[in-house]
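# Secondary and tertiary structure notes
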There are 2 protein chains.
Amino acid sequence: MKLPRRRFLHLAAGAAALPAYIVPYLQRAAAQSAPTGMLEVPARMLPVPDTVSPQMQALIARPVNPRHSLSPQTAAEWTRIVEDAARAVVAGLPKLRETLGVTVEPTTIAGVKAFIVTPKLILESNRERVLLHLHGGTRVFNPGESGTREAILMAGFTGYKVISVDYRMPPDFPFPAALDDSVAVYRELLKTTKPENIGIFGASAGGSLTLTTLLRAKMENLPMPGAIAPGTPTVDLTKTGDSLFTNAFVDNVVGTQDGFIRATAFLYANGRDLKDPLLSPIYGDVRGFPPAILTSGTRDLYLSNTVRMHRKLRAAGVEAVLQVWEGQSHLHYMADVTAPETKEYHDEVARFFDRHLGKAKAE
Amino acid sequence: MKLPRRRFLHLAAGAAALPAYIVPYLQRAAAQSAPTGMLEVPARMLPVPDTVSPQMQALIARPVNPRHSLSPQTAAEWTRIVEDAARAVVAGLPKLRETLGVTVEPTTIAGVKAFIVTPKLILESNRERVLLHLHGGTRVFNPGESGTREAILMAGFTGYKVISVDYRMPPDFPFPAALDDSVAVYRELLKTTKPENIGIFGASAGGSLTLTTLLRAKMENLPMPGAIAPGTPTVDLTKTGDSLFTNAFVDNVVGTQDGFIRATAFLYANGRDLKDPLLSPIYGDVRGFPPAILTSGTRDLYLSNTVRMHRKLRAAGVEAVLQVWEGQSHLHYMADVTAPETKEYHDEVARFFDRHLGKAKAE
């Protein structure tokens, strides 16, 4: 469909009501031909919403993360970027653990490195339950201890014991290493814990890995866990999803799917078709999946991929609920431990797991 | 919050040629936010997503509705705009009723004009249940029969009997006429139907009116209905809500909150503070509200107001679920009766009412 030329002329003519900066843009656009069906959106200034907490306002007011333009060319460059980021995360963990009263112990499960993340108080109703955590980080970040941050938040806010998988990652270990490790730990966990007492959660790449772990579990005839909580899951490694366009450079955490993020997708896929369901679970068969709580934000680059997965789960008859947070970019819902939104997010997930995981008395 | 004028002047000055304008702007804007905390987002071209139905693609490919720039100055101009729009809607209703097997009868309830909208088949489980419909239309559109379109869709897709309120509107009848009429019909309905057997739904202004009707019902000590379904509710008449900025001119149905929509808000409010909870229910006390299903789209100008209301309901302990549709602008989820998304939307709402309204056997 072609944009009708007269539309823009009409707007320009009635421009008294429009901000001054839009007018020349529209006049100019009228003289140009637009690609079929595309919508031209003018540049805009986005104020920080004043209806969110001060902590969230501070996060939203940050400039776009410059990392989106990095393009590492060698394994050594990848490793340096990853290690720099990990150091920064790890530096904040002692205080986070202390604030939330959480202890973290390294372990090995089925030959895979992992961490046992234990809250100070485990509720009686949660004694037989455990959460399996698959960390986020664009499939390359958060190795070792740095991957436990999300697990510390979950254990601290919800009172669940968490097992956080330190799965192998590129550049040394591309697909399917992360998936192999996640499934191996889940399989081992099933030997001691009823599947209905296991919840699996993760954010971003970890949310996608949560879903691909279930796809692989189905393929291997493992039982489904009791519930899952994929947060803003990057369920499609191709540039598909409307918010990848609408929220480009609106999301200040990731900026754009192009550049660095695209490079991580190819690094992880290692030559495999990006639409393989074990890479991009939006293309998988999700029938029989357990109840799921999905989370995103209105500025999230992955808003579309979150809602696409939500709709896909619903269409497959899965009990799936959606939370979308005002003004938040990718992962803002747990970026600041002091933000009330962070507590509210974890309270929602805790209630969801409480409702859907097996009861202790069913032991 | 005031927009910093000098930035717009700067943008306009650099706008002599489109490429020359965008390139330096991209360089400047992509990784920066203004000192005020504002984020500068470059102009962009949005392709139509190919993961939605062909019918939805056609809706998304439409140019921005030029109505946003209208600025009627007299009651006669308002009336002409409203009547022109109503004629276009009414012209399509006979075919819609026939397609969905729905009959519509005008009536009067508690002195208020209304329509009884009846599906061909009312399920046995729904015989004691009824849905009260408060139509949308920016608080000025869809008078008389034109207001029944949403009710016809709901009755046809869900098998519920619907009572559609033809509430009075500006310019002749500003606030609180619409609210008075809605509450009057609800009060009358309570004389013959148990509150738990009543669902209330509406879209856009009708979604907001659904919520303000509940606020007034609480004030008048009326019982709450069994469940509600506010679709992309315009719960805040002030320019508050992040997507009013992020999705301006991304939403091709309404375009912008400025201009025409702003004019309708003031016309309806008639001098009253726009933050009055009975005008903008996001500022009301929603404790004790019944289960709610809220709906929006990723391009919806009112995405933020939908998710803000969802979070507010959740924070108040209300069972509230959220549906967000990929790529959709305001009300796209029911814009084309043949789109599979339209059926899926109504199926979700039907299941929600089925689950939460009182059972016939409880009679």
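Look above for the structure.
Below is a short write-up of the structure. All values derive from a computational prediction rather than experimental measurement.

As a further point, take the overall build of chain A. When you go through chain A residue by residue, the secondary structure sums to 12 helices and 10 strands. Looking at chain A as a whole, 53% of its 363 residues qualify as buried. Taking as baseline every contact in chain A between residues at least 6 positions apart, the subset at least 24 positions apart corresponds to 77%.

Before going further, it helps to spend a moment on the nonpolar core. Taken as a class, soluble globular proteins show a tendency for nonpolar side chains to be buried jointly. Counting 176 residues, the largest nonpolar core has L132 and M154 of chain A together with L132 and M154 of chain B as its most contacted members. Setting aside chain neighbours within four positions, we find M154 of chain A in contact with L131, H133, Y160, V162, F201 and H346 of chain A. Judged by nonpolar contacts, the second largest core, of 6 residues, contains V48, V52, I60 and A339 of chain A.

Now for helix α4 (residues 75-100) of chain B. The end-to-end C-alpha distance of α4 of chain B is 36 Å, a good match for the 38 Å that 26 residues give at a rise of 1.5 Å each. For α4 of chain B, the principal kink sits at L93 of chain B and spans about 35°; a proline, P94 of chain B, occurs within the next four residues.

All names here are of chain B. Here 8 strands make up an open sheet; going across it, the order is β3-β4-β6-β5-β7-β8-β9-β10 and the pairing mixed. On the outer flanks of this sheet lie β3 (102-109) and β10 (320-325), each paired with one strand and no other. Strand after strand, the sheet turns through a mean of 20° between neighbouring axes, direction not considered.

Here the focus is the pairing of strand β3 (residues 102-109) of chain A. Residue and element names in this part refer to chain A. Judged from the 8 bridges that link them, β3 and strand β4 (residues 112-119) form a sheet pairing that is antiparallel. Within β4, the residue paired with V102 across the bridge is P119. Linking β3 to β4, which pair antiparallel, is a turn of 2 residues; within it A110 sits at a positive phi near 55°.

Turning our eyes to something else, we now look at the pairing of strand β6 (residues 162-165) of chain A. Residue and element names in this part refer to chain A. Residues V162 and S164 point to one face of β6 and I163 and V165 to the other, with burial holding for every one of them. Pairing of β4 with β6, which is carried by 4 bridges, proceeds in the antiparallel orientation. Pairing of I116 across the sheet is with I163, part of β6. Across 4 bridges, strand β5 (residues 130-134) lies against β6 in parallel orientation. The partner of L131 across the bridge, within β6, is V162. At this point the chain moves from β5, through helix α6 (residues 149-158), to the parallel β6, and the crossover so formed is right-handed.

All names here are of chain A. In contact at an axis separation of 9 Å, helix α5 (residues 93-100) and α6 are set at 10° when each is read in the N-to-C sense. Relative to α6, α5 is oriented roughly parallel. Along its contact with α5, which presents L93, L96, R97 and L100, the element α6 presents R149, I152 and G156. In terms of residue class, the contact of α5 with α6 is made up of 4 nonpolar, 1 polar and 2 charged.

Next up on the list: the sheet that holds β5 of chain A. Residues and elements named next belong to chain A. Read across the sheet, 8 strands follow the order β3-β4-β6-β5-β7-β8-β9-β10 without closing on themselves; strand pairing throughout is mixed. A single partner strand is all that each edge strand has here, and the edge strands are β3 and β10 (320-325). Pairwise comparison of adjacent strand axes, ignoring direction, gives a mean angle of 20° for this sheet. Packing against the sheet, α6 makes contact with β3, β4, β5, β6 and β7 (198-203), and its axis sits at approximately 30° to β4.

A word on the environment of M56 of chain B. Residue and element names in this part refer to chain B. Structurally, M56 can be placed in helix α3 (residues 54-60). On a C-alpha basis, the gap between M56 and T338 in space is 9.6 Å, while along the polypeptide they are 282 residues apart. Discounting chain neighbours no more than four positions away, the residues touching M56 are G327, Q328, H332, A339 and E341.

To continue, consider the environment of A265 of chain A. Residues and elements named next belong to chain A. For A265, the location among the structural elements is in helix α10 (residues 260-269). Overall, A265 belongs to the buried group, with 21 C-beta atoms counted inside 10 Å. Along the primary structure A265 and T238 are separated by 27 residues, whereas in three dimensions their C-alpha atoms are 8.3 Å apart. The contact partners of A265, leaving out residues within four places of it in the chain, are L237 and L274.

With that settled, consider unusual backbone geometry. All names here are of chain A. Cis rather than trans, the peptide bond between F175 and P176 has omega equal to 5°. Within the secondary structure, P176 is located in the loop between β6 and α7 (177-189). Non-glycine residue N270 carries a positive phi angle of around 55°. Secondary-structure assignment places N270 in the loop between α10 and β9 (292-297). The exposure class assigned to N270 is partly exposed, which follows from the 14 C-beta atoms found within 10 Å.

About the thresholds
Note on numbering: residues in each chain are counted from 1, in written sequence order. Chain A is the first chain written and ligand 1 is the first ligand written, with later ones labelled in order. It should be noted that, the model being predicted, local features are given only for residues of pLDDT at least 70 and side-chain atom pairs only at 80 or more, the latter also being counted only at that level, while totals for whole chains, interfaces and linings use all residues. We count a stretch as a helix when DSSP gives it H or I for four or more residues in a row; a strand needs E for two or more, and each element gets its number in order from the N terminus. Partly exposed residues are those whose C-beta has more than 12 but fewer than 20 other C-beta atoms within 10 Å; with 20 or more the residue is buried, with 12 or fewer it is exposed, and the C-beta atoms are placed from the backbone. Contacts here follow a simple rule: the backbone-placed C-beta atoms of the two residues must lie within 7 Å. Any set of buried Ala, Val, Leu, Ile, Met, Phe, Trp, Tyr and Cys residues joined through C-beta atoms within 7 Å is what this text calls a nonpolar core. Take the residue count of a helix, subtract one, and multiply by 1.5 Å to get its expected span. Two axes enter the bend calculation: one fitted to the seven residues ending at the residue in question, the other to the seven starting there, and the bend is the angle between them. Here, any two strands with at least 2 DSSP bridges between them count as paired. All axes are obtained by fitting lines to C-alpha atoms, using only the stretch in contact for helices, and the reported angles, taken between N-to-C directions, cover 0 to 180 degrees. By convention a crossover is right-handed if, when the strands point away from the viewer, the path from the first strand over the helix to the second runs clockwise. For this classification, under 35 degrees means roughly parallel, over 145 means roughly antiparallel, 65 to 115 means roughly perpendicular, and everything else is oblique. Classes in brief: Ala, Val, Leu, Ile, Met, Phe, Trp, Tyr, Cys and Pro nonpolar; Asp, Glu, Lys and Arg charged; the others, Gly included, polar.

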